[in-house]
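Structural overview for review
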Amino acid sequence: MIKKILATGLIGIFSAGVFAQNADNQSVLKLTVDESVRLALENNVSVKKSELALKLKNRLKKSAWSSVSPTASLSGSYSDDFEKDSISYGASGNISLSLSPSLYSSVKKAVLAYDAGELSYEATLRSVELNVRKSFYNILYQKENLASQERSLETAQQTYDANYSKYNRGQLSELDLLNSQYNLESKKPVITSLKNAYNNDLASFKQTLGIGLSIAIQLEGNLNDAVSNIDVPESVLHSNLDEMPSIKAAQNSVDSAKAGLLASRFSAYGPSVTAGYTYGKSKTQGAEDFTTTNQLSLGVKIPLDGYLPWSTGALSVASQKESLQELELDLDDQKTSAAITVRNSYNTILQAQSQLETLKKNVQLMQRSYDMSRIAYNNGSKDLLTLQTAEDNLLNAKTALSQQEFTLISNILSLESTLGVPFGTFTKIENNSDSNGDI
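As a starting point, this report considers the structure included with it. In this text, all values refer to a predicted model and were calculated from it rather than measured experimentally.

**Some remarks on the overall build of the protein**
Helices and strands together make up the secondary structure of the protein, namely 10 helices and 7 strands. For the protein, with 439 residues in total, the buried portion stands at 35%. A sequence separation of at least 24 residues applies to 76% of the contacts in the protein between residues at least 6 apart. Of the roughly 25,400 Å² of accessible surface on the protein, 52% is carried by carbon and sulfur atoms.

See the structure below:
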């Protein structure tokens, strides 16, 4: 299956990742977050479709001058009047050219359409990369959460087994045994649900990368490493709004509307020029010489309808003006919204970093509480409910920590996406040889 996929175009797999063997002697593709992004940009369907659309716009831009190309024709004639016994024949050539102010606006619109296509292509690349990076860390979060839940299940199983032995020796009541069994069984549906969600997200992640669902992958990294090197300077609050992708797209819409307004004005008021040249020879039977046609023609057309306020041309110009004003208002509003978004993201990140330290301390406290409760329970000085409560508190603390780490990473990625800076600008992650296992 892997060979078939590689044969159809996944040439980036060997350059992006390294194959290893898992415990079942199955080939496993080892991927870092950057290698996952590289695979997706090479194989993702959305990227390929956007690239094709950009090529089409590039061809249209290059051929925008085609309307200025002169037209040329050659013609020949032959006629025989049987009544008058007269034969005539001839040949001629014609070259004509038409120029109008709309030519400039057509070229301008084609250039702007290509620029919009470039922005759309870049937006697709960044959207795919953002999706890959968030999915990568989401899968790591789900795997850590699932591992914590499975460890909790193992602990619950051990507790139940120990309590069952105590019950058989008459050292534990049946009620405590039943509570222990309930605690064990109640964890199993949770784990099943987490596994289903994990496998579904993993399949979607492989689809985004453009690799087969049967390929086993191993994601290298962990959430703690990702959040340990975060540095968002306060200078992001003063970022150049004009360089943001959303603002560039809005500005392109304004420029396109201006080109549309100019085209409407040219159509309503602009003159057009036509030029033609014809040269030909013809002869009628009996005539001594050929008749020569050597003609140059020039014409100018000036539309007057545009000066009438109720004409189609004038109404089109007025409509384009209003559309342009709306887009300019939208551009100003988007700049304000972008500045607010950046400020909110910055404050959210600072708050999340502060909360992260508190959650780490909570895990340490809950771990110590659980260890002490387990020792006390084994010694008979604490009841089962106290132990189970300490275990639940520890699991909740670990889950909250992992969730906050993922949330912080997502906020960082969203901020980088909003600003249009390269992903990883605020998160410098060093490759770690430790992995999270086969997936």
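**Some remarks on the environment of Leu-395**
Relative to the helices and strands, Leu-395 resides in helix 10 (residues 384–419). For the pair Leu-395 and Val-363, spaced 32 residues apart in sequence, the C-alpha separation works out to 8.6 Å. In contact with Leu-395, not counting residues within four places along its chain, are Ser-148, Gln-149 and Ser-152.

**Concerning the packing of aromatic side chains**
All told, the structure shown has 4 aromatic pairs when counted by the stated rule. Aromatic side chains Phe-136 and Tyr-137 sit 5.4 Å apart centroid to centroid with 80° between the ring planes, which places their arrangement in the edge-to-face category. For the pair formed by Phe-136 and Tyr-137, the shared burial category is buried. Both rings, one in Tyr-141 and one in Phe-406, keep their centres 5.9 Å apart while their planes meet at 10°; by these two values the pair is stacked. Of this pair, Tyr-141 sits in helix 5 (residues 102–168) while Phe-406 sits in helix 10, and the two are 265 residues apart along the sequence. A relative accessible area of 13% places Tyr-141 in the buried class. An aromatic cluster of three or more residues is present, and its members are Phe-136, Tyr-137 and Phe-205.

**Regarding the packing of helix 6 (residues 174–209) against helix 10**
Contact geometry for helix 6 and helix 10: axes closest at 10 Å, N-to-C directions at 20°. When the axes of helix 6 and helix 10 are compared, the pair comes out roughly parallel. Viewed along their axes, helix 6 and helix 10 form a crossing whose handedness is right-handed. Contacts between helix 6 and helix 10 pair Asp-176, Asn-179, Ser-180, Asn-183 and Lys-187 from the former with Leu-384, Gln-388, Glu-391 and Asp-392 from the latter. Partitioned by chemical class, the residues of the contact of helix 6 with helix 10 number 1 nonpolar, 4 polar and 4 charged.

**Here's the deal with the packing of helix 3 (residues 33–43) against helix 6**
At a closest axis distance of 7 Å, the pairing of helix 3 and helix 6 adopts a crossing angle of 60°. On the basis of the axis angle, helix 3 is oblique to helix 6. Between helix 3 and helix 6, the contacting residues are Ser-36, Leu-39, Ala-40 and Asn-43 on the first element and Phe-205, Thr-208 and Leu-209 on the second.

**Digging into a negative patch on the surface**
Side chains of Glu-322, Glu-326, Glu-328, Asp-330, Asp-332 and Asp-333 sit close together on the surface and give a patch of like negative charge. Tracing the chain through its elements places Asp-330 in helix 9 (residues 312–378). By relative accessible area, which is 42% here, Asp-330 ends up partly exposed.

**Some words on a nonpolar patch on the surface**
A cluster of nonpolar side chains, contributed by Ile-95, Tyr-277, Tyr-279, Leu-296 and Leu-298, occupies part of the molecular surface with about 550 Å² of accessible area. The set of elements that each furnish at least two residues to the nonpolar patch consists of strand 6 (272–284) and strand 7 (291–301). Looking at the element boundaries, Leu-296 is found in strand 7. The exposure class assigned to Leu-296 is exposed, which follows from its relative accessible area of 62%.

**Quick look at the side chain of Arg-126**
Relative to the helices and strands, Arg-126 resides in helix 5. Of the side chains bearing the opposite charge, Glu-129 lies closest to the buried Arg-126, which forms no salt bridge; the N-O distance is 5.7 Å. Not counting residues within four places of it along the chain, the set of residues in contact with Arg-126 comprises Glu-416, Ser-417, Gly-420, Val-421, Pro-422 and Phe-423.

Conventions we followed
Residues numbered from 1 in each chain as written. Predicted model: local features only at pLDDT ≥ 70, side-chain atom pairs only at ≥ 80, totals over all residues. Heavy atoms only, no water. Helix = DSSP H or I, 4+ residues; strand = E, 2+ residues; numbered from the N terminus. Buried < 20%, exposed > 50% of the residue type's maximum accessible area, 1.4 Å probe, protein only. Contact = heavy atoms within 4.5 Å. Areas by Shrake-Rupley, 256 points an atom, 1.4 Å probe, with all protein chains shown as cover. Phe/Tyr/Trp six-rings, centres within 6.5 Å; stacked < 30°, edge-to-face > 60°. Axes fitted to C-alpha atoms, helices over the stretch in contact; angles between N-to-C directions. Parallel < 35°, antiparallel > 145°, perpendicular 65-115°, else oblique. Left-handed = near helix turned anticlockwise from the far one by under 90°. Nonpolar A, V, L, I, M, F, W, Y, C, P; charged D, E, K, R; others polar. Patch = residues over 30% accessible without salt bridge, like charges linked within 9 Å, V, L, I, M, F, W, Y side chains within 5 Å. Salt bridge = Lys/Arg side-chain N within 4 Å of Asp/Glu carboxyl O. Lys, Arg positive; Asp, Glu negative; His and termini not counted. Charge placed at Lys NZ, Arg CZ, Asp CG, Glu CD.

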